[in-house]
Amino acid sequence: MDRMASSMKQVPNPLPKVLSRRGVGSGLEAAERESFERTQTISINKAINAQEVAVKEKHARTCILGTHHEKGAHTFWSVVNRLPLSSNAMLCWKFCHVFHKLLRDGHPNVLKDSLRYKNELSDMSRMWGHLSEGYGQLCSIYLKLLKTKMEFHTKNPRFPGNLQMNDRQLDEAGESDVNNFFQLTVEMFDYLECELSLFQTVFSSLDMSRSVSVTAAGQCRLAPLIQVILDCSHLYDYTVKLLFKLHSCLPADTLQGHRDRFMEQFTKLRDLFHRSSNLQYFKRLIQIPQLPENPPNFLRASALSEHISPVVVIPAEASSPDSEPALDKGHLVDVDAARQTLFDDKFDGIFGSSLSSDPFNFDSQNGVSKDGKDHLIEQLYREIRGLTAQLEKVKAESQRAMLQLKGRVSELEAELAEQKHLGRQATDDCEFLRTELDELKKQREDTEKAQRSLTEIERKAQANEQRYSKLKEKYSELVQNHADLLRKTQEQQEVLESLKQELVSSRQEVQVLHGSLETSAQSEAKWVTQITALEEERGSLAHTAAQQEEEMAALRERLEDTQAKLVVSQESLCQFEKDQRRVLLEGSRKAAERVVQEALDRLEEPTLISCVGSADHLLSKIKCVSSCLDQLEKDRTQYLANPEDFSRLLHSITLLAHLTSDTIAHGSATSLRAPPEPADSLSEACTQCGRETLAFLTSLKDEGSLEKADSAAVRSSLSRIQAIGEELLPRGLDIRQEELGDLVDKEMAATSAAIEAATTRIEEMLSKSRAGDTGVKLEVNERILGSCTCLMQAIQALVAASKDLQREIVDSGRGTASPKEFYAKNSRWTEGLISASKAVGWGATVMVDAADLVVQGKGKFEELMVCSHEIAASTAQLVAASKVKADKDSPNLAQLQQASRGVNQATAGVVASTISGKSQIEESDSMDFSSMTLTQIKRQEMDSQVRVLELENELQKERQKLGELRKKHYELAGVAEGWEEGKEVPTSTLQEAVPEKE
């Protein structure tokens, strides 16, 4: 160093002249930029090559550090744009892998610099999507995922590229707005869907029967999945937390789509994580978390405490042959010492190890020319740049390690906060469960008390029978005592009155004596003696009166006590009689239920049925049951009016049970001899009748429910059994061929009479509604009854047109034969006409009954709509039956078809008015939940969801049943119309027989 200093003194500033001539500052920056670009170009080209091997970590890390060095991705895209990504699928696949790592771990400006190439990535994705083999489909899906990731981070700039956020940052990302959380959850679902699509496509492209994870080709396809696993773990955790947050703010029905989509993605992600954890390639690079077997229950808020965030663990990287050696501080010191020694040696070689004797001989002292100095300076600068690059690399490694440690610290802090939150939630859940446990204990104690009280009541009921006779005896004794006391009281009152009269007379005598004393002074001593005696007698009388009054007070007290005991005894006696009636009613009801249940059990085992099956016997039993139900209604009304007369009610209940049992037995026996389909329907109807009877008997358990008991369901099941039994009766045997003509006229007349009666009933109902109803109900009733009146008028016109057409058919087709002979000759057609006429009259009657119930508020709007459709179908059947024998150019046929269209329009009017009235009624009956608590609302919500599922299931079953019924109806209608077996049903007939839904 001394030698160099002395040389510098001899040479007048030689180095600065060279440095100033070459522009050291600008050259250094340009050289550093050139070295950086060259290093980045080499690393990018090595990372993105055409070999089917995985991208090396050191090349990808160099690219990531390069984005942090230049604070962007300009160099990366300048190199990538020169690569043939559109023609080489392997280059495109590795580009996607490296670009994914840059978006996750690179500088934040990588996303901004890459947005301009988003359209090019979309075009490239569509182009590779046309290639279904090799890496074409993989590249298409991967490019679509990268485009989705860029759009997600553009819309949500708060999310970093690696998606690492804590709960506070997640809340800030949604800005505490439920709409933002809702939209953010949808975007996360889309993001996770793309990740899972790439996951599944990569797995489906591998041959899982071989150990593909240990081959270079397999690792090339599996390597990008590490980034996918890291993204999926965070997206799954955030979607769970956001869904819990949304369920705390929104109704569960609103989030049904979110839950369904989450369930689908949860199943896929759990399966893919499980399959990935079994691959050897991932075991040494990443620790994949395992999702729980069951998804979180978002309907229970406390389930958030059970959620555990999946944490992906990447083990510490071991030094590999292809990784560059790390430079520690000691190594840097050794390098600096070596560089300094090299510099001294070169300095000695250039300037000489000893000074020349001639201090002014610059050429001999330097020993080299100026060009040699420039070369030395450039060499030193290159070495300095190399050392600077190594130092920057060490700094970058240190910064990366520091970032990883900070990230790990953040994760640990987040886990700590989450554990604290879970602890608090667990504490809250414990308190909630403890409260529920206390409530359950109280309920159990109440139940035990109720059971004990029930046992005590039963014991008291048994004891009441023994007390009853005692109470009667006591009651008669109290009545006798009460009469004796009243008699004694009367006698005492009479004695007291006599004493009072004697006292008054004595006082009068004393007054008389006083008067005589004033006039007779001579006999004063005598009168004084008499007065004294009278005074003593008066005192004794007063004492006797006081005693009598005390006895009267005591008697009055005894009388009041006796009356109070008498009242209590009467109340106890009434209660006992009431209990006795309830016990007898309960015993009779249970015996009746036992009889019906035994009949149902025998229905399950046909071998136990001993009666002979006959439709006639079954119909007679049904009439008996209906009569018994009517008698039971009368007895119930009489019992409610006079509870003491309940023997008839008990007899009616027992008789109903036995008659129902006989009906079920005859129905089962009849079903054994019937065809398969009617037999199944009859058996099902008998079972339903038994169950409805049991339900009706259960409603007769006490006086409170006795008044509300309704036998409509039992009557409906009996009507169903009766209809099936009538179908099983032999047809056509009781009607002779020559009576068909008369029967047609009778049925048409009966149909006209039924329609006129229905019209009259509708007018009566309308007048009653106008007299008693007001407001919305009056408006709805007027609209419905008005449409029903229009329908009846249309049906009347249809029946009249049908009569004219039938008369024309008979006149044109009978020839010289009479109308009866014509009807007998065409018996099949005549029977179809009769059946259609009956259906029209029956439909009109049923519709009027349904309208009456709707107007009274007891019926259902749906029944009225179904009746309207049934009338339309019946009229269509009548038109079809009349159309078979008619001439197609007949004016009466055209008039009949016009009347049929009028019926369809009127039916549509009835359905429309019914739907409108139903909506008005439902709008007027608004539900008020203001007085309900959160827990009650939640329970009501769950009950509503359960009811919705039940109704959907029932709707599906009813639709299947309706299809089977219609199929059977068409078959029976075909038999009635004379279609041959195996012959296809006429399409026109089916279209007219089944009207379209309005």
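Counting restarts for each chain, with residues numbered from 1 along the sequence as it is written. Only residues with pLDDT of at least 70 get local features here, since the model is predicted, and only at 80 or more are side-chain atom pairs given and counted; chain-wide, interface and lining totals rely on the full set of residues. Only hydrogens and water are set aside; all other atoms, that is, all heavy atoms of the structure, feed into the side-chain values.

Time to look at the overall build of the protein chain. Each helix is a run of DSSP H or I of at least 4 residues and each strand a run of E of at least 2, with the numbering of both proceeding from the N terminus. Looking only at helices and strands, the protein chain has 32 helices and 0 strands in total. On the protein chain, roughly 58,100 Å² of surface is accessible, and the fraction owed to carbon and sulfur atoms is 53%. Note on areas: Shrake-Rupley with a 1.4 Å probe; residue coverage comes only from the protein chains shown.

With that out of the way, let us pick up the pattern of salt bridges. A pair is scored as a salt bridge if a Lys or Arg side-chain nitrogen falls within 4 Å of a carboxyl oxygen belonging to Asp or Glu. This structure, assessed with the given rule, holds 21 salt bridges. Across the salt bridge formed by K101 and E57, the nearest N and O atoms sit 3.7 Å from each other. Of this pair, K101 sits in helix α6 (residues 89-105) while E57 sits in helix α4 (residues 57-70); the two residues are 44 residues apart in sequence, bridging distant segments of the chain. Relative accessibility under 20% of the residue-type maximum defines a buried residue, over 50% an exposed one, and the middle range a partly exposed one, all with a 1.4 Å probe and only protein chains included. You can call E57 partly exposed: its relative accessible area is 33%. Here K147 ties to E151 by a salt bridge, and the two come within 2.7 Å at their closest N and O atoms. Here the residue K147 and the residue E151 both occupy positions in helix α9 (residues 136-155), the gap between them amounting to 4 residues, near one helical turn.

So, about the nonpolar core. We call a set of buried residues a nonpolar core when its members are Ala, Val, Leu, Ile, Met, Phe, Trp, Tyr or Cys and they connect through side-chain atoms within 4.5 Å of each other. I48, F76, F95, F99, F159 and F282 are the most contacted members of the largest nonpolar core, which totals 92 residues. Sorting elements by how many residues they give to this core places helix α13 (residues 225-247) first, with 14 residues. Any two residues having at least one pair of non-hydrogen atoms within 4.5 Å are treated as being in contact. If near-sequence neighbours (up to four positions away) are discounted, I48 is found in contact with F76, V80, L83, L91, K94, F95 and V98. Ranked by size, the runner-up nonpolar core spans 46 residues in total, among them I755, V780, C788 and A881.

Here we come to the environment of F298. Its location among the elements puts F298 in the loop between α15 (280-283) and α16 (329-351). Residue F298 is classed as buried on the basis of its relative accessible area, which comes to 6%. Counting along the chain gives 50 residues from F298 to S248, while the straight-line C-alpha distance between them is 9.1 Å. Sequence-distant contacts of F298, defined by excluding residues within four places in its chain, comprise V240, L243, F244, H247, R259 and F262.

Turning our eyes to something else, we now look at the side chain of T185. Assignment of secondary structure puts T185 in helix α11 (residues 178-204). Exposure remark for T185: the relative accessible area of 0% places this residue in the buried category.

Once that is clear, we can look at the state of the cysteines. The disulfide definition used here is simple: a pair of cysteine sulfur atoms within 2.5 Å. Scanning the entire structure with this criterion turns up 0 disulfides. The structure places no disulfide on C689, whose sulfur is separated from the nearest cysteine sulfur, that of C686, by 7.0 Å. Exposure remark for C689: the relative accessible area of 1% places this residue in the buried category.

Before going further, it helps to examine α6. By definition here, a helix of n residues has an expected span of 1.5 Å times n minus one. Over its 17 residues, α6 extends 24 Å from the first C-alpha to the last, a length consistent with the 24 Å expected when each residue adds 1.5 Å. Of all 17 residues making up α6, 16 are buried, and the element is well covered by its neighbours. Throughout this description, a polar contact denotes any pair of N or O atoms lying within 3.5 Å of each other; where both atoms belong to protein, one of them has to be capable of donating a hydrogen while the other can accept it, and for residues adjacent in sequence the pair is counted only when both atoms sit in side chains. A distance of 3.0 Å separates the backbone nitrogen of M90 from a side-chain oxygen at the start of α6, and that oxygen is part of N88.

Moving on to unusual backbone geometry. What you tend to see is this: most non-glycine residues have negative phi, and most peptide bonds are trans. Positive phi, close to 60 degrees, is recorded for K71, a residue that is not glycine. Note that K71 resides in the loop between α4 and α5 (74-80). Relative accessible area serves as the criterion here: at 54%, K71 is assigned to the exposed category. The phi angle at S176 is positive, at roughly 55 degrees, despite the residue not being glycine. Mapped onto the elements, S176 comes out in the loop between α10 (167-174) and α11.

Further remarks concern the packing of aromatic side chains. Centres within 6.5 Å are what make two rings of Phe, Tyr or Trp a pair, Trp counting through its six-membered ring; a difference in plane orientation under 30 degrees is then read as stacked, over 60 as edge-to-face, and the rest as tilted. Considering all chains together, one arrives at 19 aromatic pairs under this definition. Centre to centre, the rings of W77 and Y117 are 4.2 Å apart; their planes meet at 20 degrees, and the pair counts as stacked. Of this pair, W77 sits in helix α5 while Y117 is found in the loop between α7 (109-114) and α8 (118-129), placing the two residues 40 residues apart along the sequence. The two residues W77 and Y117 agree in class, both being buried.

Between α6 and α9, the shortest axis-to-axis distance is 10 Å and the interhelical angle comes to 25 degrees. When the axis of α6 is compared with that of α9, the two are roughly parallel. α9 is crossed by α6, and the crossing has left-handed handedness. Residues A89, C92, W93, F95, C96, H97, F99, H100, L103 and R104 of α6 pack against L138, C139, Y142, L143, L146, K149 and M150 of α9. Considered class by class, the residues forming the contact of α6 with α9 number 13 nonpolar, 2 polar and 2 charged. Here an angle of 0 to 180 degrees is reported between the N-to-C directions of two axes, which are lines fitted to C-alpha atoms, with helices fitted over the stretch in contact. Any angle between 65 and 115 degrees counts as roughly perpendicular, while under 35 counts as roughly parallel, over 145 as roughly antiparallel, and the rest as oblique. Left-handed describes a crossing whose near helix is turned anticlockwise from the far helix through less than a right angle; right-handed describes the clockwise counterpart. Each residue is assigned to one class: nonpolar for Ala, Val, Leu, Ile, Met, Phe, Trp, Tyr, Cys and Pro, charged for Asp, Glu, Lys and Arg, and polar for all the others, Gly among them.

Let us now look at the packing of helix α22 (residues 676-698) against helix α24 (residues 712-728). Running from amino to carboxyl end, α22 crosses α24 at an angle of 160 degrees, the nearest separation of the two axes being 8 Å. Viewed along their axes, α22 and α24 adopt a mutual orientation that is roughly antiparallel. As for how α22 packs across α24, the hand of that crossing is left-handed. Across from P678, S681, L682, E684, A685, C686, Q688, C689, E692, T693 and F696 in α22, the residues of α24 making contact are A713, V714, S717, L718, R720, I721, I724 and L728.

Our focus in this paragraph is the confidence of the model for the protein chain. Detail in the predicted coordinates should be disregarded across regions flagged by low pLDDT. Here the protein chain shows a mean pLDDT of 75. Residues at 70 or above account for 77%. As a per-residue measure, pLDDT reflects the predictor's confidence and takes values from 0 up to 100. Segment residues 317-370 is flagged for pLDDT under 50; beyond a separation of four residues in sequence, or across chains, it makes 51 contacts in the model. Below a pLDDT of 50 lies the segment residues 976-998, which in the model reaches 26 contacts outside its immediate sequence neighbourhood of four places, other chains included.

Moving on: the environment of T751. With respect to the helices, strands and loops of the structure, T751 is situated in helix α25 (residues 740-772). Looking at T751, the relative accessible area reads 4%, which means it is buried. Once the C-alpha coordinates of T751 and T845 are considered, the two residues, 94 residues apart in sequence, prove to be 9.8 Å apart. Aside from chain neighbours lying at most four places away, what touches T751 is V799, S837, K838, V840 and G841.

The subject of this paragraph is the environment of T907. Within the secondary structure layout, T907 lies in helix α30 (residues 891-924). Sequence spacing of T907 and S868 is 39 residues, and the spatial spacing of their C-alpha atoms is 5.6 Å. Those residues in contact with T907, other than ones at most four positions away along the chain, are L791, S868, H869 and A872.

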